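# A closer look at the structure
Each chain, letter by letter, is given below.
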Amino acid sequence: MNEITHQDAQRAAMLLTASIKSVTFYPQAHPAVRQPLEELAGIISDMLRDKPKIRLGVVEGVFFLEDNLFVAPNSSVAELAERLIDKDINALTVLAGVSVDDLFHFAALLARKNFSSDLIFEELAKKGVTTIRLGIEEQQDEGEAEQGDTAATRTYFDALNAVRGAMKDIEKGRIPASDQINEVVDSMVSLAVRDHATLLGLAMIKDYDNYTFNHSVNVGILAVALAAYLGMDQEALRDTNTAGLLHDIGKTRIEKSILNKPGKLSGEEYEEMKKHAEKGSEIVNRMENIHPRVADAVLGHHIRYNRTGYPEWARQRAFDQLADILAVADCYDAITTLRAYNSPIPPKGALDVMRRVSGTSLRSELVEKFEEMMGEYPVGSLVRLDTNEIALVVRPHPLESCEAAVKIIIDAQGNNLDPPKVVRLVEQDGTRYAGIVALVDPLMKNIDVSRYFLM
Ligand SMILES: [Fe+2]
Ligand SMILES: [Fe+2]
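Please read these numbers as outputs of a predicted model, since none were measured by experiment.

Conventions adopted
- Residues numbered from 1 in each chain as written.
- Chains lettered and ligands numbered in written order.
- Predicted model: local features only at pLDDT ≥ 70, side-chain atom pairs only at ≥ 80, totals over all residues.
- Helix = DSSP H or I, 4+ residues; strand = E, 2+ residues; numbered from the N terminus.
- Buried ≥ 20, exposed ≤ 12 C-beta atoms within 10 Å, placed from the backbone.
- Contact = placed C-beta atoms within 7 Å.
- Pairing = 2+ DSSP bridges.
- Axes fitted to C-alpha atoms, helices over the stretch in contact; angles between N-to-C directions.
- Parallel < 35°, antiparallel > 145°, perpendicular 65-115°, else oblique.
- Left-handed = near helix turned anticlockwise from the far one by under 90°.
- Nonpolar A, V, L, I, M, F, W, Y, C, P; charged D, E, K, R; others polar.

Our next topic: the environment of L202. Here L202 is to be found in helix 8 (residues 196-202). A count of 24 C-beta atoms within 10 Å places L202 in the buried class. Expressed as a C-alpha distance, the spacing of L202 and A152, which sit 50 residues apart in the sequence, is 7.9 Å. Setting aside anything within four residues of it in sequence, one finds L202 in contact with A152, Y156, I221 and F453.

Rendered as structure tokens:
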């Protein structure tokens, strides 16, 4: 089944916005109305060629069309999102067979002031439009689990649940089933291939109360994003993601008092903590339908590139690249997460720390690629713009900071913006909003970066 590209989704949203504007001024037959509607109908019918319906709407302020999330929308998409919110429309389903006339009626109703969702859909029904419906139509055909929630965010929470479930099973003395993990891995891998920037944003969600689950999911995300960036094949991406999700699963077999101890561990406690790698690997080895290389990577995630890590007995063993990828992802998430015993370091600082251990703890080629993937101002960086605003980078473009999208959270006068204003630093048509002047320390500004990524 063909996936809807981000570009097509964006074009469709922009055409709908354009149509809504023009129907206010011109009759249906006027080219200013006719043209965008015809193009829109064409794009939608292409999208509907091999699926019965498409879903779009706004979740937590973010416009989505099927799997495409517009975390950093251009002004036209943002306008559509605002209009939908204003009309109280969270989600829409468009069915195959939608015509130019149907879209015209819909655009005209969306353009009406003080016309909210109830009235709009009542009017559509009166006009005999049955192809545009309010809300998310439950998916009937098997094999497709989409239900309108934004795919990426839902995948994130599914992953948290899958890891939590596996860990609970282990606590009860059972070897966890792998179905739930494998299902989540499928979605994550397809996101990593299609839209790794959105996935990277999700890895900035930090939940200090559920550190182990949250850390596991973030490592899974960072690892699969890096593997995808390296151009690894589908099977390797699956194994990498699975290994990330399960890398610390052995911690369930470590005393809680050691695991949750704030402050430094004693020598003995540290020895105990170190066992989580081999304990985790044993568990993963016994799980069904998981490739042995996953268990191997779990065993080696603290072995270090120069083999000075643990378990000591495995130092001479050969590990494949997967263990090295896990180590990079693990390191980055640990450094950027606030823990009881150390303060979080912003993304750029985390990359600096990683560079210092590159070639010793971490494999240098991977650190380089990881840095390249994160871009000059990595997702999660707080930056000062030349407009004097303070913003959070939500979408990077590798090596080209000008294409970054940011959420402005403090305006030029120093006022907090709530909700933040999402802008692209340079629009696709070349219009410049602002440039990044410098990184800002979130601790100095007392900003919890993580909350801006929970969508
Ligand atoms: Fe670990
Ligand atoms: Fe870890």
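The discussion continues.
Moving on, we come to the sheet that holds strand 6 (residues 382-385). Pairing between the strands of a sheet comes from backbone hydrogen bonds, and it takes one of two forms, parallel or antiparallel. With antiparallel pairing, the five strands of this open sheet are ordered in space as 9-8-7-6-10. This sheet does not close on itself; its edge strands, each paired only once, are strand 9 (416-424) and strand 10 (436-440). For this sheet, the mean inter-axis angle between neighbouring strands, taken without regard to orientation, is 35°.

Alignment of strand 8 (residues 405-410) against strand 9, held across five bridges, turns out to be antiparallel. Residue A405 lies in a different strand from strand 9, and its bridge partner there is R424. Taking the residues between adjacent antiparallel strands as the criterion, strand 8 and strand 9 are bridged by five residues, where G414 takes a positive phi near 90°.

Right, let's get into the sheet that holds strand 2 (residues 62-65). Reading across from one edge, 3-2-1-4-5 is the order of the five strands in this open sheet, with antiparallel pairing throughout. The open sheet has two free edges, formed respectively by strand 3 (68-70) and strand 5 (132-134), since each of these has just one partner strand. For this sheet the average axis-to-axis angle between neighbouring strands, irrespective of direction, equals 15°. Packing against the sheet, helix 1 (residues 6-25) makes contact with strand 2 and strand 3, and its axis sits at approximately 110° to strand 2.

Contact geometry for helix 9 (residues 211-229) and helix 10 (residues 234-246): axes closest at 7 Å, N-to-C directions at 155°. When the axis of helix 9 is compared with that of helix 10, the two are roughly antiparallel. Relative to helix 10, the crossing made by helix 9 is right-handed. Side by side, helix 9 and helix 10 meet where S216, V217, V219, G220, A223, V224, A227 and A228 of the first sit next to A236, L237, T240, N241, A243, G244 and L245 of the second. When grouped by side-chain class, the residues that make up the contact of helix 9 with helix 10 number 10 nonpolar, five polar and no charged.

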